[in-house]
Amino acid sequence: MKFDVLTLFPEMFQAVKESVIGKAIEKELIDINLINIRDFSKDKHKKVDDTPYGGGAGMVMMPDVVYDAYCSIKDRENAKVIYLSPQGKTLNQQKVESLSKEKHIILLCGHYEGIDQRVIDEIVDEEISIGDYVLTGGELPAMVLIDSVSRYIEGVLNESSIEEESFSKGLLEYPQYTRPEEFLGRTVPDVLKSGHHQNIEKWRKEQAIKITGEKRPDLLKKFEDAE
Ligand code: 4FV
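Here's what I pulled together on the structure shown here. (Residues numbered from 1 in each chain as written. Predicted model: local features only at pLDDT ≥ 70, side-chain atom pairs only at ≥ 80, totals over all residues. Heavy atoms only, no water.)

1. A short note on the side chain of glutamine 207
Phase 1 of the analysis: Here glutamine 207 is to be found in helix H8 (residues 197-215).
Phase 2 of the analysis: Those residues in contact with glutamine 207 that sit more than four places away from it in its chain are Tyr174 and Pro175. (Helix = DSSP H or I, 4+ residues; strand = E, 2+ residues; numbered from the N terminus. Contact = heavy atoms within 4.5 Å.)

So, in structure tokens, the structure goes:
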């Protein structure tokens, strides 16, 4: 999986190059290529934004600078171009799983009040939001997408952990425990120490349904409707 990222703050992406994703990059299972949009400003002051037509607060990213940065990406035609914005469909596990089947994704990160609509209309295939709140830029949403999608790439995680994890079955995760056996007077549920795998499986499913019902009844309804 190849990610090309169009951003004004490439240094922010160091965060996504740690731990599991970092190892996946080393193993060349995923490739993250960062393109600094400011490098494509023809202005001597490297200007990338300007005041909005029609007035109003804030600045807007200029279409030509963004477009030139986009045109620097080889084989961009076969890539899926995603603009991270509050106007997009909200990212969820199903969307993550379907994106993980793409070979090449280009992520466009906005800043300020956003990007001139004309370049969005010209190059963007899909808008995705990570939630109904306003951030200072699209970089964090882009990293959320890279992290969540990369976990589905063959070899990034061991198979079982993907199958097992929450949301992939539509339910929240069951509670987890590890040593020490006693902590602040709190113990581990006996069934988990029983070695009886069917009983453990049964307890975990019951817990996942109970917790989903308590914390996300909307998800439980979807799960039961799908059952
Ligand atoms: C956002 C979100 C988000 C809006 C203006 C960047 C900011 C600024 N992106 N999910 N929520 N973007 O708030 O994806 O340009």
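2. Observations regarding the nonpolar core
Phase 1 of the analysis: Judged by nonpolar contacts, the single largest core of 27 residues is most densely connected at Phe3, Leu107 and Leu145.
Phase 2 of the analysis: Counting residues per element, this core draws most heavily on helix H5 (residues 139-150), at 5 residues.
Phase 3 of the analysis: Dropping the residues within four chain positions of it, leucine 145 is found in contact with Phe3, Ile82, Leu84, Leu91, Leu99, Leu107 and Ile128. (Core = buried A, V, L, I, M, F, W, Y, C linked by side-chain atoms within 4.5 Å. Buried < 20%, exposed > 50% of the residue type's maximum accessible area, 1.4 Å probe, protein only.)

3. Focus on helix H9 (residues 217-226)
Residues separated by three or four positions in an α-helix point in the same direction, a consequence of the helix having 3.6 residues per turn.
Phase 1 of the analysis: Looking only at H9, the buried set comprises Leu219, Leu220 and Phe223. On an axial view of H9, the arc spanned by its buried residues comes to 100°, and they lie on one face. Exposed residues pointing more than 90 degrees away from the buried face of H9 are listed as Lys221, Lys222 and Asp225.
Phase 2 of the analysis: Turning to H9, the residues buried within the fold contact H8. (Arc of directions from axis to C-beta.)

4. Things to note about the site of the ligand
Phase 1 of the analysis: Around the ligand there are 16 residues in total, and Tyr112, Ile130, Gly131, Tyr133 and Leu135 lie nearest to it.
Phase 2 of the analysis: In this structure, serine 85 approaches the ligand through a main-chain N or O atom, which is 3.5 Å from an oxygen atom.
Phase 3 of the analysis: Take tyrosine 112: an N or O atom from its main chain is 3.1 Å from an oxygen atom of the ligand.
Phase 4 of the analysis: Elements with a minimum of two residues in the shell around the ligand: strand S5 (80-90) and strand S7 (126-129).
Phase 5 of the analysis: Ranked by the residues each element gives to the shell around the ligand, the list is headed by S5, at 3 residues.
Phase 6 of the analysis: A per-class count over the shell around the ligand returns 9 nonpolar, 7 polar and no charged. (Near = heavy atom within 4 Å. Polar contact = N/O pair within 3.5 Å; in protein donor to acceptor, adjacent residues only side chain to side chain. Nonpolar A, V, L, I, M, F, W, Y, C, P; charged D, E, K, R; others polar.)

Without other data, these values stay purely geometric and don't point to any function.
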